[in-house]
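# A closer look at the structure
Each chain, written out:
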Amino acid sequence: MPLMLKVLLAVQVLSALAIIVLVLLQQGKGADMGSAFGSGSSGSLFGATGAANFLSRATKWAAVVFFASTAGLAYVSHKGTSGPAVDSGVMQSFPSDRSVPQVPGAAPAAGSSSVPGAASSVPAAPAPAAQPDASVPVAPAAPATGEKPAETPAK
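Residues numbered from 1 in each chain as written. Predicted model: local features only at pLDDT ≥ 70, side-chain atom pairs only at ≥ 80, totals over all residues. Heavy atoms only, no water.

## Points about the overall build of the protein
For clarity, the threshold we go by: Each helix corresponds to a stretch of at least 4 residues labelled H or I by DSSP, and each strand to a stretch of at least 2 residues labelled E; elements are numbered beginning at the N terminus. Whether a residue is buried, partly exposed or exposed follows from its accessible area with a 1.4 Å probe, protein chains only, as a fraction of its type maximum: under 20%, in between, or over 50%, in that order. In what follows, a contact means two residues having at least one pair of non-hydrogen atoms within 4.5 Å. Note on areas: Shrake-Rupley, 1.4 Å probe, and residue coverage restricted to the protein chains presented here.
Counting its regular elements, the protein contains three helices and zero strands. Listed N to C, the secondary structure of the protein is α-α-α in terms of helices and strands. Out of the 155 residues in the protein, the part that is buried amounts to 8%. The long-range share in the protein, meaning contacts at least 24 apart out of those at least 6 apart in sequence, stands at 65%. With the model as given, the accessible surface of the protein reaches about 13100 Å², and the carbon-plus-sulfur share is 66%.

## Details of the side chain of Gln12
By the element assignment, Gln12 lies in helix H1 (residues 3-25). Each residue touching Gln12, except ones within four places of it in the same chain, is listed here: Phe66, Ser69, Thr70 and Leu73.

## Comments concerning the environment of Val7
Topologically, Val7 is positioned in helix H1. Of the residues examined, Val7 reaches a relative accessible area of 41% and is grouped as partly exposed. Residues Val7 and Leu73 lie 66 residues apart in sequence; the distance between their C-alpha atoms is 9.6 Å.

## So, the confidence of the model for the protein
Stated formally: Each residue carries a pLDDT score, the predictor's confidence in it, ranging from 0 to 100.
Looking at the protein, pLDDT values average 73 and 50% of them are 70 or higher. Mean pLDDT per element in the protein: helix H2 (residues 31-36) is the minimum at 61, and H1 is the maximum at 94.

## What about a nonpolar patch on the surface?
Going by this rule: Two distance rules govern patches: like charges are joined within 9 Å, and nonpolar side chains (Val, Leu, Ile, Met, Phe, Trp, Tyr) within 5 Å, applied only to residues with over 30% relative accessible area and no salt bridge. Criterion for a salt bridge: a side-chain nitrogen of Lys or Arg within 4 Å of a carboxyl oxygen of Asp or Glu.
A grouping of Leu9, Val13, Leu14, Leu17, Ile20 and Leu24 is seen on the molecular surface, where their side chains present a nonpolar patch of about 600 Å² in accessible area. Of note, Leu14 is situated in helix H1. Leu14 gets classed as exposed once you look at its relative accessible area, which sits at 58%.

## Concerning the side chain of Ser69
You can see Ser69 is positioned in helix H3 (residues 50-79). The contact partners of Ser69, leaving out residues within four places of it in the chain, are Leu8, Val11, Gln12 and Ser15.

## Side note on the packing of aromatic side chains
How we decide: Ring pairs are drawn from Phe, Tyr and Trp, using the six-membered ring of Trp, whenever the two centres fall within 6.5 Å, and their geometry is named by plane angle: stacked under 30 degrees, edge-to-face over 60, tilted for the rest.
In total, this model carries one aromatic pair according to the counting rule given. Both rings, one in Phe66 and one in Phe67, keep their centres 5.7 Å apart while their planes meet at 75°; by these two values the pair is edge-to-face. Judged by its relative accessible area of 23%, Phe66 falls in the partly exposed class.

## Quick word on the environment of Val11
Mapping Val11 onto the fold places it in helix H1. You can call Val11 partly exposed: its relative accessible area is 33%. The spatial distance from the C-alpha of Val11 to the C-alpha of Ala68 is 9.7 Å, given a sequence separation of 57 residues. Sequence-distant contacts of Val11, defined by excluding residues within four places in its chain, comprise Val65 and Ser69.

In structure tokens:
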């Protein structure tokens, strides 16, 4: 792992933890109402009104650092230093030209390209008719014109 990726990952984890702590330290919007009737204490570590401003500003800057480190991680992992980050994938061993399906057993058409609609992708002559595979069942033939089809019993 490159050094820049390690540094950005550490900054992101620390800023995420800071956001969690800062959000949990803040009071809800309805917390002031309870202290107005005497059920809560109005004194705090940062003063009567200083806590909300300090904690909300600190949360804002922690969020800015978090989003900046996220964008930096996305950029560094996408660009990388020596090519793509992942050298293999699901489609790694898949053939490259699969745009036109081929008939099993038939040779590919001459001059075919992977660009649909290109003039060279249309074969000059129609492909020869392929013989049906013996493992695939064949549908029964239609009855002759003189024969009457079997009727289904009515319910």
